[in-house]
Amino acid sequence: MVSEAARKAWWQRLQTWQNQPRPQPEESIALRILVQILVAIGILATDVAAGTQTSWWAIPLSFGGAYWSWRQRRRRNLGAQLAIAAGMLVALAVFFRSLLGNLGDTRLVLAELLIHLQVLHCFDLPRRKDLGYSMLIGLILMGVAGTLSQTMLFAPVLVAFVGVALPMLVLDYRSRLGLEPGDRDWRALTGLIRPGQMARLFGVVAVLGLVVFALLPRFPGYQLRQFPVTAPPNLMDEMFDNRDQSASIRNPGYGQDGQALGGTSGAGRGQTDNTFYYGFSSTIDQTLQGQLVPTLVMRVRSQSPGFWRVLGFDRYTGRGWEISRNDDTQSLVRPDWSYRFVIPPEPTRAQIEEVVQSYTVLSALPNLIPTLAQPTELFFPTRGIAIDKEGSIRSPRILDEGLTYSVISQVAYRDRTRLRQARRTYPPFIRNYYLDVPAALRPKLQKRAQELLAKAPNARNDAYEQALFLAQALKQTYTVQPDLPPPAAGEDLVDRFLFQYQGGYPDHFPTTLTLMLRSLGIPARVAAGFAPGRFNPFTGLYEVYNTDAHLITEVYFPGYGWYSFDPIPGHPLIPPSIEKNETFSTLEKLWAWVAGWLPTPLRNWLDGVISGVLGGLLALVGRLLGLLTGGWTGILAAIALALVVGGALWLGWLGWRTWQRRRRLARLAPIAALYQEVRDWLAEDCPAYPWQTPLEYVAAYEQWLAQQGGGPGAGDRLALLAAVARAYSDWRYGDRPADVAALREQWQRVRRRDRPRLLGAAAR
């Protein structure tokens, strides 16, 4: 039983709570509307970025809730608050249910929770700080949309968000100061928020944002280990069946027999599909003719560019390549509670760098998973995957549009000195598969390779230099010929390339380089994949097209593994990969994007200038970063550097202010400039306000001196101020000339006599 005293105390507390003053509601209609528009843009941004239409309903509902809360702003609304609390519990339950079904990528689930809470919150917005919660939710939604966005459609939404945020912040600041909006809010709004000022402020914000975006250092590595994984429903929980090897690789562009390609008008024997790259199959025929129609197939977010490797081949057939051990795969099964597959890495003595990639499939691809070389962790939605002997990763089904997966690769640095020192003895599993050359072709290939190497005597016994030189020699000696006639029965592809047509299709170059290296006793194979694609500096994504697919040559170096070379004309000799310092890679890629629009002579000249100036700056920044991360010495150096830089910036700021003040005074009439100097000098003691006339300021300064009890030199300062103020007023309002020279001489005498006072004030 509850005692009588406890009941009285409880009732007294209830009465005290009821008698408390009600929260002061926010009266600004304009601020409320702008906040709701800001939140609506954040909601719209999540749908635009994610490519969904699941949250549009929240926009009209939030405006309706804001209107209802405005009408009820002076009431307690206890029933409504209880309903809002119940609705938040329901929203939390929906969030946990969605979270369990989307453990691979929780960003959109969190955004949906914020949207649900914001809609409920809109029904109870009595105070300015409650509007602040809505502003914060809108900002968070834009941040989530920024991480989800993969296209430039996010840009106009971001521009609209900033355009609404600027006037909203002005009204919010007035609300914080307690300034009333006036009898009509819209009239106050047009008086406070001028379009010209907002446009200039928007320009400043946009420029500063782009500068910060370009100069912000990008340090390698991620601190979080949760990577995005999403998939169409028909791909989830699929297992790879090792017993059904006849369909282990499935390319949508191939027919059932794996040879004739269909799906396009006019396709038939000897023709490739115009959508799907022919090289993604267990057997490829490089004599096929056809041309791909450019189609965007992937977007890749990666810390470093690279060759998105798909498939490797080891056996040359005379017309192309095949995987000799296509049926020999290793199956991997992930745990039920995670999307993470652990892939055993190949041992290497090379220095490696962890590179994280996230792939979004935009057009159907074969059931082969593109990755950077040496993947060690794969975050993929199927229950099982398979890995073949060439390091290719296979999915149970084709990669459908909408699939997102992530990869962590241990990419090796290309140390030319160490690779040149690699021994030339190879283990049996390398010799048995990657040195095979048709017997009739070997002598001709070996002779031709030695003829080319005769021009590089330093590369005769060096496997790395031989591969590098032969790849470059093929680029310079042979040409791309897109209209070759079909080969005769039994005619060898490489023999035609080297000795009959002096060139061939682009993919014939890697095939020829691979066989030439094998003829010299250097293990090599070809790999199919995608070039990095076009980097979009605004989204931070590589946009990969089907036309970016091609073959490269991979060469084996004992102890270090496989390294790739690209002999195709027009391609970089060494495919793009990690570099020692990519801290300012975004700035470099942004410049590369801008330079692509410039004329060649201007671009070459700017490249020379920028490479000299910017290269030296980046090298200096790199050395400083290395110094500042060197233990206690680095910490002390960082403190000293911060003090020096801070002092230099402060002195620069003071110098800039002095220069600005002198520049402003130089534009004034002599007596006006003198009055401004004297008033600024005395304002350190008695503040001067813009609305005060010169004579009003003289009276205020005289009153201040009386309160302070005068002091040494007080009468001289007052007399100087009064004389200058009268002369300025006579000139300004009576059009009478002033003896500026005499007044300035008087001011100099007063300042010299007053110097001890100023020094004492500075010491205090």
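Look up a bit, the structure's there.
This structure is a prediction, so every number in the text was calculated from the model and none was measured.

Analysis parameters
Along each chain, numbering runs from 1 in the same order as the chain's sequence is written. At least 70 in pLDDT is required for a residue's local features to be given in this predicted model, at least 80 for side-chain atom pairs to be given and counted, and no such filter applies to totals for whole chains, interfaces and linings, which use all residues. Only heavy atoms go into the side-chain values, all of them from the structure, while hydrogens and water stay out. Residues belong to a common nonpolar core when they are buried Ala, Val, Leu, Ile, Met, Phe, Trp, Tyr or Cys residues joined through side-chain atoms within 4.5 Å. Type-normalised accessible area, obtained with a 1.4 Å probe on protein chains alone, sets the label of each residue: buried when under 20%, exposed when over 50%, and partly exposed for intermediate values. When checking whether two residues touch, look at their non-hydrogen atoms; a contact exists if any pair is within 4.5 Å. Following DSSP output, two strands are said to pair if at least two bridges run between them. Helix and strand assignments follow DSSP, with helices taken as H or I runs no shorter than four residues and strands as E runs no shorter than two, numbered in order from the N terminus. Interaxial angles span 0 to 180 degrees and are taken between N-to-C directions of axes, which are lines fitted to C-alpha atoms, for helices over the stretch in contact. In a helix, the anticipated span is given by 1.5 Å times the number of residues less one. The arc in question is formed by the directions pointing from the helix axis toward the C-beta atoms. Classification of ring pairs uses Phe, Tyr and Trp, with its six-membered ring standing for Trp, and accepts pairs whose centres are within 6.5 Å; under 30 degrees between planes counts as stacked, over 60 as edge-to-face, and the remaining range as tilted. By the criterion adopted, a ring carries a charge over it if an Arg CZ or a Lys NZ lies within 6 Å of its centre and within 35 degrees of its normal.

S.K.: Sorry if this is basic, but what is going on with the nonpolar core here?
M.R.: Taken as a class, soluble globular proteins show a tendency for nonpolar side chains to be buried jointly. Counting 82 residues, the largest nonpolar core has Leu-378, Phe-530 and Phe-557 as the members making the most contacts within it. Apart from the residues within four sequence positions on either side, Phe-557 is in contact with Leu-419, Ala-422, Ala-463, Tyr-464, Tyr-563 and Phe-565. Counting residues in each nonpolar core, the second largest holds 34 residues, with Leu-31, Leu-141, Ala-165 and Leu-171 among its members.

S.K.: Sorry, what's going on with the sheet that holds strand β5 (residues 320-322) here?
M.R.: Adjacent strands of a sheet pair through backbone hydrogen bonds, lying either parallel or antiparallel. If you walk across this open sheet you meet the three strands as β1-β5-β4, and the pairing is antiparallel. Looking at strand neighbours, the two that pair on one side only are β1 (283-285) and β4 (315-316), the edges of this open sheet. Taken together, the three bridges between β1 and β5 define a ladder with antiparallel strand orientation. Counterpart to Thr-283 in the pairing with β5 is Glu-322. Relative to the sheet, helix α15 (residues 508-519) contacts β4 and β5, its axis offset from that of β5 by approximately 70 degrees.

S.K.: Would you take a moment to explain helix α20 (residues 694-708) for this structure?
M.R.: Because the α-helix completes a turn every 3.6 residues, residues three or four places apart line up on one side. For α20, with 15 residues, the first-to-last C-alpha span of 21 Å sits near the 21 Å given by 1.5 Å per residue. Within α20 the residues assigned to the buried category are Pro-694, Tyr-697, Val-698, Tyr-701 and Leu-705. The arc that holds every buried residue of α20, seen down its axis, measures 105 degrees, which confines them to one face. For α20, the exposed residues lying more than 90 degrees away from the buried face are Gln-703, Ala-706 and Gln-707. Looking at the buried residues of α20, the elements they touch are α19 (670-682) and α21 (714-734).

S.K.: Quick question: what am I supposed to make of the packing of aromatic side chains here?
M.R.: Two numbers describe a pair of aromatic rings. These are the distance of the centres and the angle of the planes. Counted by the stated rule, this structure contains 25 aromatic pairs. A centroid spacing of 5.4 Å and a plane angle of 55 degrees characterise the contact between Phe-280 and Phe-530, whose relative ring orientation is tilted. Of this pair, Phe-280 sits in the loop between α9 (195-215) and β1 while Phe-530 sits in strand β15 (residues 524-530), and the two are 250 residues apart along the sequence. Here the two residues Phe-280 and Phe-530 agree in accessibility, since each one is buried. Summarising the aromatic geometry, the rings of Tyr-359 and Tyr-405 are spaced 4.9 Å apart at their centres and angled 10 degrees between planes, so their arrangement reads as stacked. Separated by 46 residues along the polypeptide, Tyr-359 in strand β8 (residues 352-361) and Tyr-405 in strand β12 (residues 404-412) bring together distant segments of the chain. In this structure, Tyr-359 and Tyr-405 share a single accessibility class: buried. Ring pairs connect the aromatic residues Trp-308, Tyr-359, Phe-380, Tyr-405, Phe-535 and Tyr-542, which therefore count as one cluster. A cation over a ring is seen here: Arg-414 above Phe-565, with NZ or CZ 5.1 Å from the ring centre. Its guanidinium or amino end placed over the ring of Trp-562, Arg-525 lies 3.9 Å from that ring's centre, counting from NZ or CZ.

Keep in mind that these numbers describe shape and distance, not what the molecule does.
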